[in-house]
Amino acid sequence: MDAIDQYRPRIPGPVWEHIGPDCRRAVAKAKPATPKEARDWLGALAHAAAHAYGTGRPTRAEHLVTPEAIEWYLATGCLHVEESSRSNRRCRLNKLRRALLGPDLVTGQPAAYSGSDSSRPYTRSEQAQLYAHARAQPTDELRYGLLTLLALGFGCGLDSPEVIPLRTHDVREAPNGAVGVAVRGTRSRVVLCRTAWAPVLTEATAWASRPGEARHLFRPSSHARGTNTVTNFLARTKKPPGSPPLVMGRTRATWLVDAIDARMHLPTLMAAAGLTTLRSIDRVLPYVRNLTPEQAAAALKEF
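Below, the structure is looked at part by part. For clarity, every value in this text was computed on a predicted model and none was experimentally measured.

1. Regarding the nonpolar core
Ranked by internal contacts, the top residues of the largest apolar core, which has 35 residues, are Leu 149, Leu 152, Cys 156, Leu 158, Val 181, Leu 201 and Leu 246. Among the secondary structure elements, those contributing two or more residues to this core are α7 (124-135), α8 (140-156), β2 (179-183), α10 (198-208) and α11 (229-236). Ranked by the residues each element gives to this core, the list is headed by α8, at 10 residues.

Here it is, written out as structure tokens:
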């Protein structure tokens, strides 16, 4: 197709000499329907390949268009572009993958979902950075405030409006060691904290508690409970260079993705998350670990 041969993405010459032939090969093999689609696919693939080349990763197109590789590229190579541009690149690379490699499931085409930065879960490394960042805060107020947010987000899947009204007596420890949180408000429920974060939540609760007093769990010395209570607090924390920003929506997304990856029973997951529809789950599905085609076929056959 002329559009593939004539179009040259804005990639530095030496890099393009290395990645260009394989990018053109892959797009031609995918058989785009129009010249515009050919240019869109080639441009998106070329930028992903250039980023992979610069970081020492494989640049073959078939490696670059897997769901995991696409999300890695968007998370590490597109920090300078707007969310709309990242969404366009995700869409084009996903379409190229399906055209190049076929459907993700051997039994048919899965439902299409779009992701967003606010729904992108934190990696294990990023979670460790955030934990270290919290422990390194210069005051007890900042330290335990961050630890509380991390434990409630990563451990319980709570978002900011659910964190703000909590009291210390809403955190309860059972005789078997399980730590539960009685969530207030319109989505009232009891959520069990994940085992890895339960000691952190218990420690933060002990710091915030005072005998005979009903104190708030988060920022117990502050009586202001506005919608910006969490964001105002985060603006005061000390942020080391390179540490990811703490966003409660992303901690909740991390909890949801981990629960889905663990194959949690769907009604149980929705009850624990306080969900009445699947809309929130739709947003995190692009980040859920896929089964291999063989595993998918076996699961569909045997259920």
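2. Notes on the pairing of β2
Counting buried positions along β2 yields 5 of 5 residues, so the element is predominantly enclosed. The alternating pattern of β2 places Val 179, Val 181 and Val 183 on one face and Gly 180 and Ala 182 on the opposite face, and all of these are buried. With 3 bridges joining them, strand β1 (residues 171-173) and β2 adopt antiparallel strand pairing. For Val 171, the partnering residue across the bridge sits in β2 and is Val 181. Counted between consecutive antiparallel strands, the loop separating β1 from β2 contains 5 residues, among which Gly 177 sits at a positive phi close to 95°. Inspection of the sheet shows β2 paired to strand β3 (residues 189-192) by 4 bridges, in the antiparallel sense. Bridge pairing in β3 links Gly 180 to Leu 192.

3. Digging into the sheet that holds β3
Across the sheet, 3 strands lie side by side as β1-β2-β3; this open sheet has antiparallel pairing. Strands at the two margins of the open sheet, each flanked by one partner only, are β1 and β3. For this sheet, the mean angle separating the axes of adjacent strands, direction not counted, is 30°. Strands in contact with α10 are β1 and β2; relative to β2, the strand with the most contacts, it is inclined by about 65°.

4. Observations regarding α7
The end-to-end C-alpha distance of α7 is 17 Å, a good match for the 16 Å that 12 residues give at a rise of 1.5 Å each. Taken together, the buried positions of α7 are occupied by Glu 126, Gln 127, Leu 130, His 133 and Ala 134. Looking straight down α7, one finds its buried side chains confined to an arc of 120°; they lie on one side. For α7, the secondary structure elements touched by its buried residues are α8 and α12 (248-261).

The rules we used
Residues numbered from 1 in each chain as written. Predicted model: local features only at pLDDT ≥ 70, side-chain atom pairs only at ≥ 80, totals over all residues. Heavy atoms only, no water. Core = buried A, V, L, I, M, F, W, Y, C linked by side-chain atoms within 4.5 Å. Buried < 20%, exposed > 50% of the residue type's maximum accessible area, 1.4 Å probe, protein only. Helix = DSSP H or I, 4+ residues; strand = E, 2+ residues; numbered from the N terminus. Pairing = 2+ DSSP bridges. Axes fitted to C-alpha atoms, helices over the stretch in contact; angles between N-to-C directions. Contact = heavy atoms within 4.5 Å. Expected span 1.5 Å × (residues − 1). Arc of directions from axis to C-beta.

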